[in-house]
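Read off the chains here:
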Amino acid sequence: AEGPDPEVASALDDAAEIAESRGAPAVAAELSELAQRLTPIQDTDAVRARAVASSERLFAAGDLDRAIARMGDVAADAPPGWKKAEVLLRLGRFQWNDIRSVRGILDRALREVSDASPPILRINLHRAMGWLELVGGDLRLASSQLDDALALAEATGNRVEIALNLVAKAYLGFFMGHPSATTWIWRAVS
């Protein structure tokens, strides 16, 4: 291709998935980058999706600095609202070992969401904040965030998300000395 070409970009997406499935995330990231470059610039959702895919694959390949830089660029260019929050959540996962940075990133993400945002995003953001506060030592704030995540998950009826949030609450409950922690585990298993 000599310029933007949606068909070639789509073929590169397919090739990236194959490379990833064969355990070559660095090659998959490179193919995603090529697909992004060949995506018509006016197709902003496709450009962003391919940049996110490239970042995720760089992260899987262990190229943390490039993954963070690329996802940071995507976050900066993302439109306000839930799409920006989704990218910020991913960026926070990349920087998980730096609690101060992650807290700022997740706080920004939470400010971008509203009741109209996809429920799964809101669930994942509250659960991530719960884990962050657990690690950071504010168990009451962690409990509040995990309660919000569980309530949202229960409202959707998504059994996997309910189970994940019950496990998180059980983990926190153990640290807080709640006898109900075991009950949450059994409920998650069921």
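On a predicted model such as this, the values are computed, not experimentally measured, just so you know.

**Points about the nonpolar core**
Most often, soluble globular proteins keep nonpolar side chains buried together rather than apart. Core analysis: the largest hydrophobic core is formed by 24 residues, its most contacted members being Leu 106 and Leu 125. Taken together, the elements giving at least two residues each to this core come down to α3 (44-60), α4 (64-77), α5 (82-94), α6 (99-112) and α7 (119-136). Broken down by element, this core gets its largest block of residues, six residues, from α5. Among the nonpolar cores identified, the runner-up in size contains nine residues, and Ile 123, Ala 153, Ile 162 and Ala 170 belong to it.

**Observations concerning the pattern of salt bridges**
Side-chain pairs of opposite charge can arise whenever the charged atoms involved come near each other. Tallied over the entire structure, the rule returns 15 salt bridges. Ionic pairing is found between Arg 70 and Glu 33, a salt bridge with its closest N-O pair at 2.9 Å. Taken together, the residues Arg 70 in helix α4 and Glu 33 in helix α2 (residues 25-37) connect sequence positions 37 residues apart. Close ionic contact of Arg 187 with Glu 154 constitutes a salt bridge, the shortest N to O distance being 2.5 Å. Taken together, the residues span a long stretch of sequence, with Arg 187 in helix α10 (residues 181-189) and Glu 154 in helix α8 (residues 139-156) at a distance of 33 residues. For Arg 187, a relative accessible area of 41% gives the class partly exposed. Through salt bridges with shared partners, a single network forms among Glu 33, Arg 37, Asp 63, Arg 66 and Arg 70.

**Examining the packing of aromatic side chains**
One pass over the full model with this rule turns up four aromatic pairs. Ring centres of Phe 59 and Phe 94 lie 4.5 Å apart, and the angle between their planes is 15°; this geometry places the pair in the stacked category. Taken together, the residues span a long stretch of sequence, with Phe 59 in helix α3 and Phe 94 in helix α5 at a distance of 35 residues. Ring centres of Phe 174 and Phe 175 lie 5.5 Å apart, and the angle between their planes is 75°; on these two criteria the pair is classed as edge-to-face. Relative accessible area serves as the criterion here: at 63%, Phe 174 is assigned to the exposed category. When the ring centre of Trp 184 is taken as reference, the NZ or CZ atom of Lys 169 above it lies at 4.5 Å.

**Considerations on the side chain of Arg 48**
Mapped onto the fold, Arg 48 is located in helix α3. Look at Arg 48 and you get buried, because its relative accessible area is 15%. A distance of 2.4 Å separates a polar atom in the side chain of Arg 48 from a polar atom in the side chain of Asp 45. Once residues lying within four places of it in the same chain are set aside, the contact partners of Arg 48 are Val 74, Ala 78, Pro 79, Lys 83 and Val 87.

**Overview of α10**
Every buried residue of α10 is accounted for by Ala 181, Trp 184 and Ala 188. Looking straight down α10, one finds that the buried residues subtend no more than 60° of arc, so they occupy a single side. Opposite the buried face of α10, at more than 90 degrees from it, the exposed residues are Thr 183, Trp 186 and Val 189. Structurally, α10 contributes buried residues whose contacts are with α9 (159-176).

**Structural notes on α8**
One turn of an α-helix holds 3.6 residues; hence residues three or four places apart share an orientation. In this model, α8 (18 residues) spans 26 Å end to end at C-alpha, consistent with the 26 Å of a helix rising 1.5 Å per residue. Within the span of α8, buried status applies to Ala 142, Ser 143, Gln 145, Leu 146, Ala 149, Leu 150, Leu 152 and Ala 153. Those residues of α8 that are buried lie in contact with α6, α7 and α9. One or two steps after α8, the chain reaches Gly 157, where phi turns positive at roughly 75°.

Quick notes on the rules
In this numbering scheme, every chain counts its residues from 1 along its sequence in written order. For a predicted model such as this one, the threshold for reporting local features is a pLDDT of at least 70, and the threshold for listing and counting side-chain atom pairs is 80 or more; totals across whole chains, interfaces and linings nevertheless cover every residue. Side-chain figures throughout are based on the complete set of non-hydrogen atoms in the structure, without hydrogens or water. Here, nonpolar core refers to any group of buried Ala, Val, Leu, Ile, Met, Phe, Trp, Tyr and Cys residues whose side-chain atoms link them within 4.5 Å. Residue burial is assigned from relative accessible area. The probe radius is 1.4 Å, only protein chains are included, and a residue is buried under 20% of its type maximum, exposed over 50%, and partly exposed in between. Numbering goes from the N terminus for both helices and strands, where a helix is a DSSP run of H or I of at least four residues and a strand is a run of E of at least two. The term salt bridge refers to a side-chain nitrogen of Lys or Arg lying within 4 Å of a carboxyl oxygen of Asp or Glu. For Phe, Tyr and Trp, rings pair up if their centres lie within 6.5 Å, where Trp contributes its six-membered ring, and each pair is then called stacked (planes under 30 degrees apart), edge-to-face (over 60) or tilted (otherwise). Here, a charge over a ring means that NZ of Lys or CZ of Arg falls within 6 Å of the ring centre while also lying within 35 degrees of the ring normal. Under the rule applied, a polar contact is a pair of N or O atoms within 3.5 Å (in protein, one hydrogen donor and one hydrogen acceptor; residues adjacent in sequence only if both atoms are side-chain atoms). Throughout, a contact is declared for two residues whenever any of their heavy atoms are within 4.5 Å. The directions considered for the arc are those from the helix axis to the C-beta atoms. Expected span of a helix: the number of residues minus one, times 1.5 Å.

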